[in-house]
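# Fold and contact review
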2 protein chains.
Amino acid sequence: MTSVGIVEPQAMPFAQPLALQSGAQLRDYTLVYETSGMLNADKSNAVLVCHALNASHHVAGTYAGQDKSEGWWDNLIGPGKPLDTNRFFVIGVNNPGSCFGSTGPMQTNPATGKTYGADFPVVTVEDWVDAQARLLDALGITQLAAVLGGSLGGMQALSWSLRYPTRLRHCVAVATAPNLSAQNIAFNEVARRAIVTDPDFHGGHFYEHHTLPRRGLRVARMIGHITYLSDDAMEAKFGRERKRGATGFSTQEIEFEIESYLRHQGDKFSEYFDANTYLLITRALDYFDPARAFGGDLSAAFAAAVCKFQIVSFTTDWRFAPQRSREIVKALVDRKRDVSYAEIDAPHGHDAFLLDDPRYHGVLRACFANIAAEFTGKTS
Amino acid sequence: MTSVGIVEPQAMPFAQPLALQSGAQLRDYTLVYETSGMLNADKSNAVLVCHALNASHHVAGTYAGQDKSEGWWDNLIGPGKPLDTNRFFVIGVNNPGSCFGSTGPMQTNPATGKTYGADFPVVTVEDWVDAQARLLDALGITQLAAVLGGSLGGMQALSWSLRYPTRLRHCVAVATAPNLSAQNIAFNEVARRAIVTDPDFHGGHFYEHHTLPRRGLRVARMIGHITYLSDDAMEAKFGRERKRGATGFSTQEIEFEIESYLRHQGDKFSEYFDANTYLLITRALDYFDPARAFGGDLSAAFAAAVCKFQIVSFTTDWRFAPQRSREIVKALVDRKRDVSYAEIDAPHGHDAFLLDDPRYHGVLRACFANIAAEFTGKTS
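Model, not experiment: these values are computed from the prediction.

## Focus: the overall build of chain A
In terms of regular secondary structure, chain A is built from 10 helices and 12 strands. For 380 residues, the compact-globule estimate of 2.2 N^0.38 gives 21 Å, and chain A sits close to it at 21 Å. Along the longest, intermediate and shortest principal axes, the C-alpha atoms of chain A span 65 × 50 × 50 Å. A burial count over chain A gives 62% of its 380 residues as buried. For chain A, the share of sequence-separated contacts (at least 6 apart) that also reach a separation of at least 24 residues comes to 71%. Taken as a whole, chain A presents about 13800 Å² of accessible surface, with 50% of it coming from carbon and sulfur. Taken as two groups, the 36 positive and 41 negative side-chain charges of chain A have centres that lie 3 Å from each other.

## Quick word on the sheet that holds strand β10 (residues 170–174) of chain A
Residues and elements named next belong to chain A. Spatially, the 8 strands line up as an open sheet ordered β1-β4-β8-β5-β9-β10-β11-β12, and their pairing is mixed. Edge positions in the sheet fall to β1 (10–14) and β12 (339–344), since each of these pairs with one other strand and no more. Between one strand axis and the next, the sheet turns through 20° on average, direction left out of account. Summarising the sheet, strand β5 (residues 46–50) and strand β9 (residues 146–150) pair through 4 bridges and their orientation is parallel. Looking across to β9, one finds that Cys50 is bridged to Gly149.

## A short note on the packing of helix α3 (residues 182–196) of chain B against helix α7 (residues 275–287) of chain B
Residues and elements named next belong to chain B. Following both chains from N to C, one finds α3 and α7 inclined at 160°, their axes separated by 10 Å at the closest point. The angle between α3 and α7 falls in the class roughly antiparallel. For the pair α3 and α7, the sense of crossing is left-handed. Residue-level contacts link Ile185, Asn188, Ala191, Arg192, Ile195 and Val196 of α3 to Ala275, Tyr278, Leu279, Thr282, Arg283, Leu285 and Asp286 of α7. The residue inventory of the contact of α3 with α7, partitioned by class, reads 8 nonpolar, 2 polar and 3 charged.

## What about the interface of chain A and chain B?
Note on interface size: it is often stated as the accessible area lost on association of the parts. With 58 residues of chain A in contact, the opposing surface of chain B contributes 58 residues. Approximately 5100 Å² of surface area, both sides summed, lies buried where chain A meets chain B, with 61% of it carried by carbon and sulfur atoms. Among the residues of chain A in contact with chain B, A:Arg240, A:Phe249 and A:Thr251 are the three that bury the most area, contributing 14% of the side total. Linking chain A with chain B are 28 residue pairs in polar contact (both at pLDDT 80 or more). Secondary structure elements with two or more residues in the side of chain A that touches chain B: α3 (182–196), α4 (214–228), α5 (231–237), α6 (257–272) and α7 (275–287) of chain A. In terms of residue class, the side of chain A that touches chain B is built from 27 nonpolar, 15 polar and 16 charged.

## Regarding the relation of the copies chain A and chain B
Rotating chain A by 180° and moving it 0.0 Å along the rotation axis overlays it on chain B with an RMSD of 0.0 Å. Overall, the copies show the geometry of a two-fold rotation axis. A high fraction, 100%, of the interface residues of chain A reappear at the interface in chain B, so the copies pair face to face through one surface.

## Observations regarding the pattern of salt bridges
Scanning the entire structure with this criterion turns up 43 salt bridges over all chains. Put simply, B:Glu257 and B:Lys243 hold a salt bridge, and the shortest N to O gap is 3.9 Å. Here B:Glu257 is found in helix α6 (residues 257–272), whereas its partner B:Lys243 is found in the loop between α5 (231–237) and α6, with 14 residues between them in sequence. Sharing partners across several salt bridges, the network here consists of A:Glu189, A:Arg192, A:Arg283, A:Asp286, B:Glu259 and B:Arg263.

## As for empty space enclosed by the protein
Evaluation of the coordinates by the stated rule reveals 5 cavities of 30 Å³ or more. By volume, the largest cavity amounts to about 120 Å³. In terms of lining, the largest cavity is formed by 14 residues, of which the most central are A:Ala194, A:Thr197, A:Arg215, B:Ala194 and B:Thr197. Contributing elements (two or more residues each) for the lining of the largest cavity: α4 of chain A together with α4 (214–228) of chain B. For the lining of the largest cavity, a count of residues per class yields 6 nonpolar, 4 polar and 4 charged.

## Comments concerning the side chain of B:Asp127
Residues and elements named next belong to chain B. Take Asp127: it is sitting in helix α1 (residues 125–139). In this structure Asp127 is buried but unpaired, with Arg163 as the nearest side chain of opposite charge at 6.0 Å. Discounting chain neighbours no more than four positions away, the residues touching Asp127 are Leu18, Ala19, Leu20, Gln21 and Val122.

## Some remarks on the confidence of the model for chain A
When pLDDT is averaged across chain A, the result is 96; 99% of the residues are at 70 or more. Two summary scores accompany this predicted model of the complex, namely pTM at 0.96 and ipTM at 0.95.

## Quick look at the sheet that holds strand β1 (residues 10–14) of chain B
All names here are of chain B. Read from one edge of the open sheet, 8 strands run β1-β4-β8-β5-β9-β10-β11-β12, paired in mixed fashion. Two strands lie at the open edges of the sheet, namely β1 and β12 (339–344), each paired on one side alone. Ignoring strand direction, the axes of neighbouring strands in this sheet form an average angle of 20°. Where strand β5 (residues 46–50) meets strand β9 (residues 144–150), 4 bridges bridge the pair, whose relative direction is parallel. In the strand pairing of β9, Val49 is matched with Leu148.

## Things to note about the environment of B:Ala366
Note on placement: B:Ala366 falls in helix α10 (residues 358–376). Classification of B:Ala366 by relative accessible area gives partly exposed; the value is 39%.

## Describing the pairing of strand β8 (residues 89–93) of chain A
Residue and element names in this part refer to chain A. Across the 5 residues of β8, 5 count as buried, placing the element largely inside the fold. Along β8, one buried face is formed by Phe89, Ile91 and Val93 and the opposite face, lined by Val90 and Gly92, is buried too. Pairing between strand β4 (residues 29–36) and β8: 4 bridges, direction antiparallel. Bridged to Tyr33 within β8 is Val93. Both β5 and β8 contribute to a ladder of 4 bridges, which runs parallel. Each bridged residue has a counterpart across the sheet, and for Leu48 the counterpart in β8 is Ile91.

What counts, and at which threshold
- Residues numbered from 1 in each chain as written.
- Chains lettered and ligands numbered in written order.
- Predicted model: local features only at pLDDT ≥ 70, side-chain atom pairs only at ≥ 80, totals over all residues.
- Heavy atoms only, no water.
- Helix = DSSP H or I, 4+ residues; strand = E, 2+ residues; numbered from the N terminus.
- Rg over C-alpha atoms; globule rule 2.2 N^0.38 Å.
- Buried < 20%, exposed > 50% of the residue type's maximum accessible area, 1.4 Å probe, protein only.
- Contact = heavy atoms within 4.5 Å.
- Areas by Shrake-Rupley, 256 points an atom, 1.4 Å probe, with all protein chains shown as cover.
- Lys, Arg positive; Asp, Glu negative; His and termini not counted.
- Charge placed at Lys NZ, Arg CZ, Asp CG, Glu CD.
- Pairing = 2+ DSSP bridges.
- Axes fitted to C-alpha atoms, helices over the stretch in contact; angles between N-to-C directions.
- Parallel < 35°, antiparallel > 145°, perpendicular 65-115°, else oblique.
- Left-handed = near helix turned anticlockwise from the far one by under 90°.
- Nonpolar A, V, L, I, M, F, W, Y, C, P; charged D, E, K, R; others polar.
- Buried area = accessible area lost by both parts, 1.4 Å probe.
- Polar contact = N/O pair within 3.5 Å; in protein donor to acceptor, adjacent residues only side chain to side chain.
- Least-squares fit on C-alpha atoms with pLDDT ≥ 70 in both.
- Salt bridge = Lys/Arg side-chain N within 4 Å of Asp/Glu carboxyl O.
- 1 Å grid on protein atoms, 1.4 Å probe; cavity = no way out; pocket = protein on both sides within 12 Å on 5 of 7 lines; lining within 4 Å.
- Points joined across faces, edges and corners; volume = space filled by probe spheres on them.
- pLDDT = per-residue confidence, 0-100.

Structure, rendered in structure tokens:
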């Protein structure tokens, strides 16, 4: 198995405003995207890959001259890999509101000439899906072979099946949920409070003050990391290992390896991630709830869907537990939709969707082989 | 069932310094405590109740002229209640380092004449147990009928059985663990970082700056609250209930009831709890690990214990899960110690140990009835 090789991000500007769920409009925006593989003659082999909180359009391959610049899903996407770029044309797109190139809080607000900051409009999963659909319009792709996403990306994949039912043949949603639980929202809210109450946040206009709310971002990231890992995985990796041999009897110095790990993750994150993006993306997570318009009846919500579904969950994922995936599967079965479900026995918690567990990748390999068989005419 | 009625805290000063695990000494300290019930003639009916993070000596009864001032374990302790004050003499004591009356960071350091603040020495579960033993010396109580504690209080009860094996006949340890997991330490560390990086913390000497690190304390408390409740209990109580009917499309305004609840809890806590105490108590939790001196062999650690044990856990407690209590039980069984174990099917998570679940209280009622039968001479 090899890499897709050198990739290069591309920018697609949109002159037509994007009407958002909130009623606001996003004007003069740009989407940054990357592709790998070749689009076939009838444009039937495109797979859209949706990203989660801390990721981007850079799904696979590397950037020229940059070591260790592999895309975040490089273990899954490439020639001979489960999502095989010898067969599929893979598109990764950075969502508006993010901080990795597409129009977001760090860019200039055309209405004021100033950095958007906290004035960037609240965006939803549905808004992102609409933006992605417009990118596909611009690329001349009428129908996707599949939409694939994990976590928040999985929510986008589900939303695709409801908003543009005939524009995808398969929805592949991994480690996701039909909405956030109270506990999920609670963790998001604590992270947001840590950011918003950091004096360096300046109401979201910290750019003008030439500072960053690093303290809040660090705490937010540390909380996030705890929820990405399973209790068992954290225990196996760190346990009660000490940073030093003897007990230091200190409340502020690092005593345990887990503290060292979390502080390091927080420090790194606080230097590159945008605080307003963190608020926007966690809020998009909170709001996502396709059943809400149907009185909470998820099965009724899926009446709109016509594609086939592959749902995957991981046993030790306590952020989006298997039970939440089973809710999706049950709603689809109730609606007599075509759905396959794999519950992978993996120790890594939510992070498992980014790792190359052989059983997990086996499921996705088979899934995409079946999808490829449809457009290559094979019966597999 | 009635209340123990009006109680009054008492203060016991100690002129002899307390030698701490760190090597430091705590000088001229005072312990605040409360008692209910009557000590019997041979002083054989005393039960020591140990508190956890956010609690104190005020375990039962009310304060004169103060409505709603019930002690934190008032549902368990009183005449006719599971820990029956008609039979037992119950002692609650505030641990040094706390912020509810006993000597702690908010008090004056006799060495400097200034408020201790961050200079208060790091205290451990073992230090607290030593301080409690001295209080009992002063009260003339040689042997306790039982030591009872939940969560961090349960760790103190376990430590009693190891440090003063012949000074207690029963150890009743509820919703506790033989040490913190990596995930437990991780949550403590995030809370500590939120406090320490709050600019109003001033390195722990905020008293001199006439301010409080409220932002950090709020975030710390919000994180704590998430871990005290089970996922299911939070879902049942809050779910995705909105504060307002329509979606507000805001990242900072309160949208969900769970956000409102957490912010309220954080606000309240930040006004009365001491930030240095939070650091000290979470660190005491981190450090507790009686098996450490025995190469991790908990069974070897319990070689010192001679009392009887009642261990209780709750099925939905994910902070100190039943599995952690089972480790204690297994170590005791390996050592052929007298141990009873109850795993209570309760939906409330870690907080269950403070609630009056009938099955839970039934177990403790039977446990204390058996203990009372020993000194009243009944065979029950």
